[in-house]
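# Summary of structural features
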Amino acid sequence: MVAKRIIPCLDVKDGRVVKGVNFVNLVDAGSAVELAKRYSDEGADELVFLDITASVEKRKTFVELVREIAKAIRIPFTVGGGISELTDIEKLLKAGADKVSLNTSIVKNPGLITKAARQFGSQAVVAAIDVNVVNNVYKVFIKGGREETELEGLSWCKRVEELGAGEILLTSMNKDGTKDGYDLAFLSELNKLVRIPVIASGGAGCENDFLEAFSKATVDACLAASLFHFDILKIKDLKRYLQDNGIVVRL
């Protein structure tokens, strides 16, 4: 049985880790390199680094910062933000990233998924999808959640799988930072629809929220930020709780 993964997320703005609620009201959470090393040492399974303003500011991800983080950790590392072409992906993988997270760029240019999967392998391509409820419909948002698209959430998830993405990082914007649990209904539907791994993001507030995402929505991994950044929950304690409740994790 494949172990479930716990993934801290570093949302980075101007080189610092930040966290907000529903993608706004950001507060500083510390040094990206220091937090990355801490999570690697504490038993995180993977790490996600998202340069959250790169797309809206129309610039590239901080490659040097990615290189520094890669040197400081011993776990798989996914990087996203401002990636719009194959050369961007190549630079980040050479800087130490194991995977890249593509969001805004693949909505504008879906073929990038297929090209990236062919050149670097689908295992290196994560489709990051931000959804929010608009008039009772899950719509896809881009540019760090600032811009609504015409895409419906589930159909876009299925499309990225067909195009060659190796994994989906699904963030429910309506749950982000609220600490009232992952969006189990949407995640359950998503897991029935796709065969590639799904990472749940948005809404974790306590140990039981992770347990429900794994046991009820059958996600492959859970991503969280503020819970870990502000020491509300320790990764080792969370994993012991999950194991005690029948979830297979790496301790």
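Every value quoted in this text rests on a predicted model; they were computed, and no experiment measured them.

## Here's the deal with the overall build of the protein
Summing up its helical and strand segments, the protein has 10 helices and 12 strands in all. A compact globule built from 251 residues should have a C-alpha radius of gyration of about 18 Å, and the protein, at 16 Å, falls within 12% of that. Along the first, second and third principal axes, the C-alpha atoms of the protein reach 45 × 40 × 40 Å. The 251 residues of the protein split such that 57% are buried. Of the contacts formed within the protein by residues at least 6 apart in sequence, a portion of 66% connects residues at least 24 apart. Of the accessible surface of the protein, which amounts to about 10,700 Å², a share of 50% is contributed by carbon and sulfur atoms.

## Let's talk about helix 10 (residues 235-244)
Here helix 10 has its buried residues at I235, L238, K239 and L242. Down the axis of helix 10, the sector holding all buried residues measures 95°, keeping them to one side. Where the residues of helix 10 are buried, they touch strand 1 (5-13), helix 1 (32-42), helix 8 (207-215) and helix 9 (226-229). Of the residues one or two after helix 10, G246 is the one with positive phi, at around 90°.

## Remarks on the nonpolar core
Ranked by internal contacts, the top residues of the largest apolar core, which has 72 residues, are L10, I69 and F210. If you look at the next biggest cluster of nonpolar residues, it comprises 10 residues, including V48, L169, I199 and L223.

## Overview of the packing of aromatic side chains
By the definition in use, this model includes 5 aromatic pairs. Note on Y138 and F186: the rings are 4.6 Å apart at their centroids and 45° apart in plane angle, and the pair reads as tilted. Residue Y138 is located in strand 8 (residues 137-142), and its partner F186 is located in helix 7 (residues 184-193); the two are separated by 48 residues in the primary sequence. When the centroid spacing of 6.2 Å and the interplanar angle of 35° are considered together, the rings of F210 and F228 count as tilted. With a gap of 18 residues between them, F210 in helix 8 and F228 in helix 9 connect regions that are remote in the sequence. Among the residues examined, F210 registers a relative accessible area of 0% and is labelled buried. An aromatic cluster of at least three residues, connected via ring pairs, comprises Y39, Y182, F210 and F228.

## Focus on the pattern of salt bridges
Summed over the entire model, instances satisfying the criterion amount to 23 salt bridges. We note a salt bridge from R5 to E167, for which the minimum N-O separation is 2.6 Å. Here R5, found in strand 1, pairs with E167, found in strand 10 (residues 167-172); they are 162 residues apart in sequence, far enough to count as distant. For R5, a relative accessible area of 11% corresponds to the buried category. Assessed through its relative accessible area of 5%, E167 is described here as buried. The shortest N-O distance in the salt bridge between D41 and R74 comes to 3.3 Å. Here D41, found in helix 1, pairs with R74, found in the loop between helix 2 (63-72) and strand 5 (77-80); they are 33 residues apart in sequence, far enough to count as distant. Among the ionic contacts, a cluster of salt bridges with common partners joins R5, E46, K99 and E167.

About the cut-offs
- Residues numbered from 1 in each chain as written.
- Predicted model: local features only at pLDDT ≥ 70, side-chain atom pairs only at ≥ 80, totals over all residues.
- Heavy atoms only, no water.
- Helix = DSSP H or I, 4+ residues; strand = E, 2+ residues; numbered from the N terminus.
- Rg over C-alpha atoms; globule rule 2.2 N^0.38 Å.
- Buried < 20%, exposed > 50% of the residue type's maximum accessible area, 1.4 Å probe, protein only.
- Contact = heavy atoms within 4.5 Å.
- Areas by Shrake-Rupley, 256 points an atom, 1.4 Å probe, with all protein chains shown as cover.
- Arc of directions from axis to C-beta.
- Core = buried A, V, L, I, M, F, W, Y, C linked by side-chain atoms within 4.5 Å.
- Phe/Tyr/Trp six-rings, centres within 6.5 Å; stacked < 30°, edge-to-face > 60°.
- Salt bridge = Lys/Arg side-chain N within 4 Å of Asp/Glu carboxyl O.

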